[in-house]
Amino acid sequence: MKIYSNLSLRNTLKKLGNVDRKVFCIGLSRTGTTSLAYALNNIGISTIHYSPEAFVQIDKIDETQFLDIKLDLSMLQKWSLKKEIKAKSVKRIESILDNYQGFADLPFPMLYKTLSIKHPDAYFIYTYRDKSGWLKSMEWLYDDAAVIWQHGHLDNAIMQWAYGTSVYKESVLGEAYENHHANVNKFFEGADNFLSIKIDDGELTYGRLTRFLNKPAKTGPVERLNQPTEPTSYERKWYWLK
């Protein structure tokens, strides 16, 4: 599918350059999204990374969706989740979309079809890695990272929505990976506003990004951020006391 099918639109965009063109990073969690967001900010593209605020207002992005929490929670946990949702609803989605040019990590990767329709002039960057490595990294995300970042019920709800599970399940996640990888590549096949980056092969570089985004040249690899670490004993204790 070619996102730029309208010649007049393409010519207009060419004259305007890349002023205010949105950049949507549609790689799944643990595919270099933190590093990519960092790099985009470094080349002048104000980028938000991971937005529960956008998730709780998902119907404002995609009118066909609504906030559907599929978690087995106690009454107390439901009350806690309701408080989380209320807190994340204060910052309106319109403000998020207006104040940032780049968007990385959940929920944006799962909304690429709608985003491509609403923003036909946008850039889309798909980061990915080998399935086996991704699954290993996702196991860390579901376990140790949840402790380090003190994940709440809303974070679990986002993971359930995106990947079909709020706990690490290799078969479920493997299917989610395969579906997303195949669907994204099919949807953007031949599109000149789409860039695919395999982070395992060192393809995430400033050179590739600046050329694709029509930004002033900058060279060198992008620093690998958010590498797996072990939670401290304090973090573990606090997490289980919540």
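Residues numbered from 1 in each chain as written. Predicted model: local features only at pLDDT ≥ 70, side-chain atom pairs only at ≥ 80, totals over all residues. Heavy atoms only, no water.

A. How the structure looks around the environment of alanine 162. Looking at the secondary structure, you find alanine 162 in helix H8 (residues 153-163). A C-alpha to C-alpha distance of 21 Å links alanine 162 and isoleucine 148, two positions 14 residues apart in sequence. Those residues in contact with alanine 162, other than ones at most four positions away along the chain, are Leu106 and Met110. (Helix = DSSP H or I, 4+ residues; strand = E, 2+ residues; numbered from the N terminus. Contact = heavy atoms within 4.5 Å.)

B. Quick look at the pairing of strand S5 (residues 194-198). With four of five residues buried, S5 is to be regarded as a mostly interior element. As paired elements, strand S4 (residues 123-128) and S5 share five bridges and run parallel to each other. Residue pairing across strands places threonine 127 opposite isoleucine 197, the latter belonging to S5. (Buried < 20%, exposed > 50% of the residue type's maximum accessible area, 1.4 Å probe, protein only. Pairing = 2+ DSSP bridges.)

C. Fine view of the nonpolar core. Membership of the largest hydrophobic core comes to 47 residues, with the highest contact counts inside it found for Ile26, Phe124, Trp134, Met138, Tyr163, Phe188 and Phe194. Sorting the residues of this core by element identifies helix H3 (52-56), helix H4 (75-88), helix H5 (93-99), helix H6 (112-118), S4, helix H7 (131-148), H8 and helix H9 (170-187) as the ones contributing at least two each. At eight residues, H7 tops the list of elements feeding residues into this core. Ignoring sequence-local partners within four residues, the contact set of tyrosine 163 consists of Leu28, Ser29, Leu106, Trp134, Met138, Tyr142, Val172, Leu173 and Ala176. Core analysis: the next-biggest nonpolar cluster, separate from the first, contains 20 residues, Ala39, Ile125, Leu195 and Phe212 among them. (Core = buried A, V, L, I, M, F, W, Y, C linked by side-chain atoms within 4.5 Å.)

D. Main features of the sheet that holds strand S3 (residues 102-104). As summarised here, the arrangement of the five strands in space is S2-S3-S1-S4-S5, forming an open sheet in which the pairing is parallel. Two strands close off the open sheet at either side, each with one partner strand: strand S2 (47-49) and S5. On average, each strand axis in the sheet is inclined to that of its neighbour by 15°, with strand direction left out of account. Packed on one face of the sheet, helix H2 (residues 33-42) meets strand S1 (23-25), S2, S3 and S4 and runs near 160° to S2. Against the sheet, helix H10 (residues 206-213) contacts S1, S4 and S5, and its axis sits at roughly 175° relative to S5. (Axes fitted to C-alpha atoms, helices over the stretch in contact; angles between N-to-C directions.)

E. Layout of the pattern of salt bridges. Under the defined criterion, the tally for this structure stands at ten salt bridges. The salt bridge partner of lysine 131 is glutamate 178, with a shortest N-O separation of 2.5 Å. Placement of the pair is lysine 131 in helix H7 and glutamate 178 in helix H9, with a sequence separation of 47 residues. The exposure class of lysine 131 is partly exposed, given its relative accessible area of 30%. Put simply, Asp144, Glu230 and Arg236 are held in one network by salt bridges that share partners. (Salt bridge = Lys/Arg side-chain N within 4 Å of Asp/Glu carboxyl O.)

Interpretation note: all reported values are geometric properties and have no functional meaning in isolation.
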